[in-house]
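Listed below are the residues making up each chain.
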Amino acid sequence: MKTSFFALWLLPCMIYGAHVPVPIEANNVATVFSATNAEITSLSEQLYSSDVNKAASGDITLNLQYKASSSQTSSGTDFASQKLFSYVNEAKLFARPTFARFKALLDNYITITGTAESVPTAEVQEQTAFLDEVFKTTVISKLSSFFISKGYYTSAASFKSDLKEMWFGLYTRTKGPLDSSGFEHAFHGEIHNGKISGFHNWVKLYLEEKSGQLNYLSYSVDGPWTTYPDVYGLQIRWSSYLKTLSSMFIGSSPEFELAIYTLCYVTRPDGLCTVSLGGKTLQIQTYTWANSTYGSGKRYVASSYPVV
């Protein structure tokens, strides 16, 4: 009977090419199904309400301009003559420790895949400093406590160590040098096969637009939130490269994005994860990197982003 049940459970993975869920901890106590859907939505609301470092209503002014139809998003046409960000309260937001540590990471990456990423000691120290800072926040504290209570991790220290590996550990997207990581892909963005890949962070978007390296073309989705963070689907050109749909939170803190993505990555890898933010639902899509592993068969983050 047990053999038959396992075969039936495994069948969808074989048919659709999905990854077989594996335990998070080496001691095999918790599986990806330890957290219920109700627990995930409840915790996501707690993370949302605990994000004290997020932007207030007057901290960001957006100039959305043109809403592109589904038939227009892939054209690469610039429907917006002005920048997306009319104003960002840098003096307030970027002075906050988690934002400051996050910004320090954004110049550590080679954008085009295929070239090995070097990680000198100074950059490792920046990663550590960022994680040290976010682990001081209530957002990450709540996530850590939840994971420990559900058996995913045995301590905050074990979670922190694994978080660093899953997000910052290097792998190759080109079957060559170690040229990518989950953090680079989701928070920084990459150019892969002649297109923008990843790029789901508003701070990076703002800084690139401000420097003249990124051109905002249009938007196709504006989420139901009337305060920050909100969720948008954008069309952008980064240097000469196009992305027809870049979905991201705008106005959230780095710790909130890291927490909500990690919550879904750990509990619902390679699938859609439903969260609740201010009473409104959102789905997060996560992907694991299946071509290489770390530790006892754990997988790096391939991508995580809000579905719009």
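Above this text sits the structure in question.
Bear in mind that the values here come from a model prediction, so they are computed numbers and not experimental data. (Residues numbered from 1 in each chain as written. Predicted model: local features only at pLDDT ≥ 70, side-chain atom pairs only at ≥ 80, totals over all residues. Heavy atoms only, no water.)

1. A closer look at the sheet that holds strand β7 (residues 241-250)
Strands sit in the order β5-β6-β7 across an open sheet of three strands; the sheet is antiparallel. The open sheet is flanked by β5 (214-222) and β7, the only strands paired with a single partner. Within the sheet, the average angular offset between the axes of one strand and its neighbour, ignoring direction, is 30°. Across eight bridges, the pairing between strand β6 (residues 230-238) and β7 is antiparallel. By the bridge assignment, Trp 238 is partnered in β7 with Tyr 241. (Pairing = 2+ DSSP bridges. Helix = DSSP H or I, 4+ residues; strand = E, 2+ residues; numbered from the N terminus. Axes fitted to C-alpha atoms, helices over the stretch in contact; angles between N-to-C directions.)

2. So, the pattern of salt bridges
The tally for this structure, following the rule as stated, stands at eight salt bridges. With its nearest N and O atoms 3.2 Å apart, the salt bridge here joins Lys 204 to Glu 208. In this pair, Lys 204 and Glu 208 both sit in helix α9 (residues 202-211), four residues apart, roughly one turn of the helix. According to the relative accessible area criterion, Lys 204 is buried, its value standing at 6%. For Glu 208, a relative accessible area of 14% gives the class buried. (Salt bridge = Lys/Arg side-chain N within 4 Å of Asp/Glu carboxyl O. Buried < 20%, exposed > 50% of the residue type's maximum accessible area, 1.4 Å probe, protein only.)

3. Overview of the nonpolar core
Counting 79 residues, the largest nonpolar core has Ile 60, Phe 85, Trp 167 and Trp 202 as its most contacted members. Per-element tally for this core: the top contributor is helix α10 (residues 254-267), with nine residues. Non-local contacts of Ile 60, meaning those with residues more than four positions away in its chain, are made with Ala 55, Phe 85, Tyr 87, Val 88, Leu 93, Trp 202, Tyr 228, Ile 250 and Gly 251. (Core = buried A, V, L, I, M, F, W, Y, C linked by side-chain atoms within 4.5 Å. Contact = heavy atoms within 4.5 Å.)

4. Points about the side chain of Asn 89
Along the chain, Asn 89 turns up in the loop between β2 (85-88) and α3 (90-93). Judged by relative accessible area, Asn 89 falls into the buried class, the value being 17%. At 3.2 Å, the side chain of Asn 89 and the backbone nitrogen of Lys 92 are in polar contact. If we skip the residues at most four places from it in the chain, Asn 89 touches Asp 59 and Phe 94. (Polar contact = N/O pair within 3.5 Å; in protein donor to acceptor, adjacent residues only side chain to side chain.)

5. Re the packing of helix α5 (residues 121-134) against α10
Where α5 meets α10, the axes come as close as 10 Å, and the angle between the chain directions of the two elements is 85°. The angle between α5 and α10 places the two elements in the roughly perpendicular class. Within the contact between the two elements, α5 uses Phe 130, Leu 131 and Val 134 and α10 uses Pro 254, Glu 255 and Leu 258. Counted by class, the contact of α5 with α10 contains five nonpolar, no polar and one charged residues. (Parallel < 35°, antiparallel > 145°, perpendicular 65-115°, else oblique. Nonpolar A, V, L, I, M, F, W, Y, C, P; charged D, E, K, R; others polar.)

6. Re the sheet that holds strand β8 (residues 272-277)
The pairing of strands in a sheet happens through backbone hydrogen bonds and is either parallel or antiparallel. Strand order in the open sheet formed by three strands is β8-β9-β10, with antiparallel pairing between adjacent strands. Lying at the two open borders of the sheet, with one neighbouring strand each, are β8 and β10 (298-306). On average, each strand axis in the sheet is inclined to that of its neighbour by 35°, with strand direction left out of account. Summarising the sheet, β8 and strand β9 (residues 280-294) pair through six bridges and their orientation is antiparallel. Across the sheet, residue Leu 272 finds its bridge partner in β9, namely Gln 285. Helix α2 (residues 37-49) contacts β8 and β9 of the sheet and is inclined by roughly 50° relative to β8. Packed onto the sheet, helix α7 (residues 156-168) meets β9 and β10 and runs at close to 70° relative to β10.

7. Let's talk about the pairing of β9
The hairpin turn running from β8 into β9, its antiparallel successor, is two residues long, and Gly 278 in that turn takes a positive phi close to 60°. When β9 meets β10, the two strands line up antiparallel, connected through eight bridges. Within the sheet, the bridge partner assigned to Thr 293 lies in β10 and is Arg 299. Connecting β9 to the antiparallel partner β10 that follows it, the hairpin turn spans three residues, and Gly 295 within it adopts a positive phi of roughly 60°.

8. A closer look at α5
Taking 1.5 Å as the rise per residue, α5 with 14 residues should run 20 Å; its terminal C-alpha atoms sit 20 Å apart, in good agreement. Those residues of α5 that fall on the buried side of the exposure criterion are Glu 123, Gln 127, Ala 129, Phe 130, Leu 131, Glu 133 and Val 134. Buried residues belonging to α5 abut α4 (97-105), α6 (138-149), α7, α8 (182-188) and α10. (Expected span 1.5 Å × (residues − 1).)

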